[in-house]
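Commentary on secondary and tertiary structure
Each chain is listed here by its residues.
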Amino acid sequence: MRVIVCETYEEMSVRAADEIAAVMQARPDCVLGLATGSTPVGMYDELVRRCDAGELDFSPVRTVNLDEYYPISPDNAQSYRYFMNTNLFDRVNIDKKNTAVPDGSAEDPEAECLAYEQKIAALGQVDIQVLGIGQNGHIGFNEPDSALHPLTHLTALTESTLRANARFFSQGEVMPTAALTMGMGTILRAKKILILANGASKADAVATLLSGMLTTACPASFLNLHDDVTLICDGAAMSKVNV
Ligand code: PGA
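The written sequence of each chain sets the order in which its residues are numbered from 1. Given that the model is predicted, a residue must reach a pLDDT of at least 70 before its local features are reported, and side-chain atom pairs must reach 80 or more before they are shown or counted; all residues, however, enter totals for whole chains, interfaces and linings. Side-chain descriptors were evaluated using all non-hydrogen atoms of the structure, hydrogens and water having been removed beforehand.

**Describing the sheet that holds strand β1 (residues 2–6)**
Strand order in this open sheet of seven strands is β1-β10-β9-β6-β2-β3-β5, and the pairing throughout is parallel. What marks the edges here is a single partner per strand, and that holds for β1 and β5 (99–100). In this analysis, strands are considered paired if DSSP registers two or more bridges between them. Numbered from the N terminus, helices here are DSSP runs of H or I no shorter than four residues, and strands are runs of E no shorter than two. Pairing between strand β3 (residues 62–65) and β5: two bridges, direction parallel. Looking at the pairing, Thr 63 lines up with Thr 99 of β5. Between two residues, a contact is recorded if the distance between any of their heavy atoms is within 4.5 Å. Axis definition: a line fit to C-alpha positions, over the contact stretch in the case of helices; interaxial angles, taken between N-to-C directions, run 0 to 180 degrees. Sitting on the sheet, helix α7 (residues 203–210) is in contact with β1, β9 (192–197) and β10 (229–234), with an inclination near 150° to β10.

**Structural notes on unusual backbone geometry**
Here Tyr 70 and Pro 71 are connected by a cis peptide whose omega angle stands at -10°. Mapped onto the secondary structure, Pro 71 falls in the loop between β4 (67–70) and α3 (80–87).

**A short note on the site of the ligand**
Each residue is tested against the molecule or strand, and it is near if at least one of its non-hydrogen atoms lies within 4 Å. Neighbouring residues of the ligand: Gly 37, Ser 38, Thr 39, Gly 132, Ile 133, Gly 134, His 138, Arg 167, Phe 168 and Lys 202. The definition of a polar contact used here is a pair of N or O atoms within 3.5 Å, where within protein one atom must be able to donate a hydrogen and the other to accept one, and adjacent residues in sequence count solely through side-chain atom pairs. A distance of 2.6 Å separates an oxygen atom of the ligand from a polar side-chain atom of His 138. Taking Lys 202, its side chain carries an N or O atom lying 2.6 Å from an oxygen atom of the ligand. Here the ligand has 280 Å² of accessible area as a free molecule, and 86% of this is covered by the chains. For this classification, the nonpolar set comprises Ala, Val, Leu, Ile, Met, Phe, Trp, Tyr, Cys and Pro, the charged set comprises Asp, Glu, Lys and Arg, and every other residue, Gly included, is treated as polar. Residue composition of the shell around the ligand, grouped by class: two nonpolar, six polar and two charged. For every accessible area listed, the method is Shrake-Rupley and the probe measures 1.4 Å; residues are considered covered only by the protein chains on display.

Rendered as structure tokens:
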């Protein structure tokens, strides 16, 4: 695993945008696997800046997102579809028809998961998959468990994730307790993987990831099976790694 330790969140965001830009330049109609959460927000801002400056062209780019709450309407300001529109898609020259997020309003979640896998397969390989990492080591919403799912599936959110994400919900807003998420196999099929982690709350998960071992108690550790993973993090996220 390539590990890039940065001084600041801003530096992390620029380095992450560099990785995406390199993929876009090598293959203009690339498939980007995208993530939500607070970690990639700076990277999206940097990609928007480069698009405004004429350095990047999103018009031929296709995207697939990792996950979505369930049930939730795509218009709900808490949905990951809304997050992607406001943080990236509405700010760059991408064709929204080329952007995919699991449909949190689907009546039949199992059918939606199957359709989402088929959609990804039809796009061919994801060129680069961006990931955050949960405090509990989740990637997407693949939560620690005794067994992990290979494909896109409906999952209950763990207490740890509900606690971590409660900060995005104001009082009175109902937080979904389930989600649709790409599975471990869906993620691991990407050509390249870019995982971002900042802050001391991620230090345990990053230490397990960098131990090189695999455990379903830390789904991110399965990235050790992939031969092209880049971790971009700050010193606080690295603080429990034995060197
Ligand atoms: P965060 O979430 O970027 O908001 O910390 C990351 C994750 O849970 O995957």
